[in-house]
Every structure is written in C-alpha cells, then in structure tokens.
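Chain residues, written in single-letter form:
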Amino acid sequence: MYQPTPADTFLYLLNNRQPRAIAWIQGSASQPQLAGSVKFYETSYGGVLVEAEIFGLPDINIPGSSDYYAMHIHESGNCARPFDQTGGHYNPGNMPHPQHAGDMPPLLGNQGYAYQVFYDKRFSIDEIIGRSVIIHSHADDFASQPSGNSGDKIGCGTIRFMVH
C-alpha cells in the first residue's frame, strides 16, 4: 500500500500554491545576464521548501558545461551593485561554516542554467524577509571560515513577501 511522503506534499506546493516569499535575482556588473528567482514555501513540516531557478550563469557559452556556484542567504537585503553591502551569511546561531542558517546547497549550473529544490528547517520565512540571496562565482568549499571561499558575489536578490 502506498504511503504519501513529504515529497508528495512538496510537489503539491510547487504545482498548486504561491510561495510566501521570493528573491528576484539580478546579476552583477560582470555578469549582467544572470537572473532568476529563489522562492520560499511554508510547509506543514515546520520547515521551508526552497525553489531556485537561475539563468545566465557564467558557464552559459560553454557547450555541455557544468559548474557549481555557492548560494547563501546574507544578513542584509541591500542588493545595490557591487553587492558589497549584503553583510555576512545569515547566522543567528553563531555556528561555524557550513552550519550557518544561511548556508544553502550549491547550484549546479548546466550551460548557464540551474534549477533545484530543497527543504530546510534552519530558518523560517519570517526570519529571512529583508535579507538577500547571494549567488557566488565559485563553489563553496564547505570548510573555509567564515564563508566557504566561494568567490565574488555575481547575483543578488532581496527576499520579500509575495503579494497575493
């Protein structure tokens, strides 16, 4: 007998509900083609479902290419270029990297496009409103303190409540 899993609920949310919050990503001066969205859905499991869709990553012009790009929630939502006012990773528990609440899985870009969905219980949507989602030029090494040696900030979006 089939037993529903959390994934069934998550697929329903993605296909039938509006996210509670969204960050519209814009590219840096060096990566103006970069754009996309990171959406945040409340779940009945006490955590947040995060859906990221990013276009125009740096490997876009390399046929068949793939590369990893770090993605983090940063303290400040000030996405004025060159994204130098976003502060450090969102880290209310003062944890070492990569256990900051703002540490997210890396994006896997395939010829400039990345799509991923993941579940996270380290933050609530209310806690991250007004903060930013940052896309970095390199993969996070998951070791270097305080932020993973992930390179330049090439994309930024302020997390805002969705208007329904």
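Up top you'll find the structure we're talking about.
Below is a short write-up of the structure. (Residues numbered from 1 in each chain as written. Predicted model: local features only at pLDDT ≥ 70, side-chain atom pairs only at ≥ 80, totals over all residues. Heavy atoms only, no water.)

Overview of the pairing of strand 6 (residues 107-110)
- A one-sided burial pattern is seen for strand 6, the buried positions being L107 and G109 and the unburied ones L108 and N110.
- Summarising the sheet, strand 4 (residues 66-69) and strand 6 pair through 4 bridges and their orientation is antiparallel. Its bridge partner lying in strand 6, S66 is registered against N110. (Buried < 20%, exposed > 50% of the residue type's maximum accessible area, 1.4 Å probe, protein only. Helix = DSSP H or I, 4+ residues; strand = E, 2+ residues; numbered from the N terminus. Pairing = 2+ DSSP bridges.)

A few points about unusual backbone geometry
- Going from R81 to P82, the amide bond is cis rather than trans, its omega being 15°.
- Relative to the helices and strands, P82 is located in the loop between strand 5 (71-74) and strand 6.
- For the bond from Q145 to P146, the omega torsion is 5°, close enough to zero to count as cis.
- Non-glycine residue F83 carries a positive phi angle of around 65°.

A look at the sheet that holds strand 1 (residues 21-27)
- In space, the 7 strands of this open sheet follow the order 5-8-9-1-2-3-7, with antiparallel pairing throughout. This sheet does not close on itself; its edge strands, each paired only once, are strand 5 and strand 7 (114-120). Adjacent strand axes in the sheet meet at a mean angle of 20° when their direction is disregarded.
- Note that strand 1 and strand 9 (residues 153-161) share 5 bridges and pair antiparallel. Looking across to strand 9, one finds that I22 is bridged to R160. (Axes fitted to C-alpha atoms, helices over the stretch in contact; angles between N-to-C directions.)

Focus on the state of the cysteines
- In the structure shown here, the tally under the stated rule is 1 disulfide.
- Each sulfur in the disulfide pair C79 and C156 lies 1.9 Å from the other. Here the S-S torsion is close to -65°, and the disulfide linking C79 with C156 is therefore left-handed. Taken together, the positions of C79 in the loop between strand 5 and strand 6 and C156 in strand 9 put the pair 77 residues apart, joining distant regions of the chain. For the pair shown, C79 and C156 are each scored as buried. (Disulfide = S-S within 2.5 Å.)

A few points about helix 1 (residues 6-16)
- Residues of helix 1 that are buried include every one of F10, L13 and L14, and no others. Axial view of helix 1: buried residues confined to an arc of 95°, hence all on one face.
- Contact partners of the buried residues in helix 1: strand 2 (35-42), strand 3 (48-55) and strand 7. (Arc of directions from axis to C-beta. Contact = heavy atoms within 4.5 Å.)

Things to note about a nonpolar patch on the surface
- There is a patch of nonpolar side chains on the surface, built from F55, Y113, Y115 and V117 and spanning about 350 Å² of accessible area.
- Relative to the helices and strands, Y113 resides in the loop between strand 6 and strand 7. (Patch = residues over 30% accessible without salt bridge, like charges linked within 9 Å, V, L, I, M, F, W, Y side chains within 5 Å. Areas by Shrake-Rupley, 256 points an atom, 1.4 Å probe, with all protein chains shown as cover. Salt bridge = Lys/Arg side-chain N within 4 Å of Asp/Glu carboxyl O.)

Re the nonpolar core
- Formed by 27 residues in total, the largest nonpolar core has its most connected members in V38, F40, M71, V133 and I135.
- Of all the elements, strand 3 adds the most residues to this core, at 4 residues.
- Setting aside its immediate chain neighbours within four residues, V38 contacts A21, I22, A23, I25, V50, E51, A52, I54, M71 and V133.
- Grouped together as the second largest cluster of nonpolar side chains are 5 residues, F10, L13, L14 and L49 included. (Core = buried A, V, L, I, M, F, W, Y, C linked by side-chain atoms within 4.5 Å.)

A look at the packing of aromatic side chains
- Applying the stated criterion to the full structure yields 4 aromatic pairs.
- Aromatic side chains F10 and Y119 sit 5.2 Å apart centroid to centroid with 25° between the ring planes, which places their arrangement in the stacked category. Pair noted here: F10 is in helix 1 and Y119 is in strand 7, with a separation of 109 residues, a long-range link.
- Looking at F10, the relative accessible area reads 13%, which means it is buried.
- Its relative accessible area of 32% is what places Y119 among the partly exposed residues.
- Here the aromatic rings of F40 and F123 are separated by 6.4 Å at their centres, their planes lie at 75°, and the arrangement is edge-to-face. Linking F40 in strand 2 with F123 in the loop between strand 7 and helix 2 (125-128), this pair joins segments that are 83 residues apart in sequence. (Phe/Tyr/Trp six-rings, centres within 6.5 Å; stacked < 30°, edge-to-face > 60°.)

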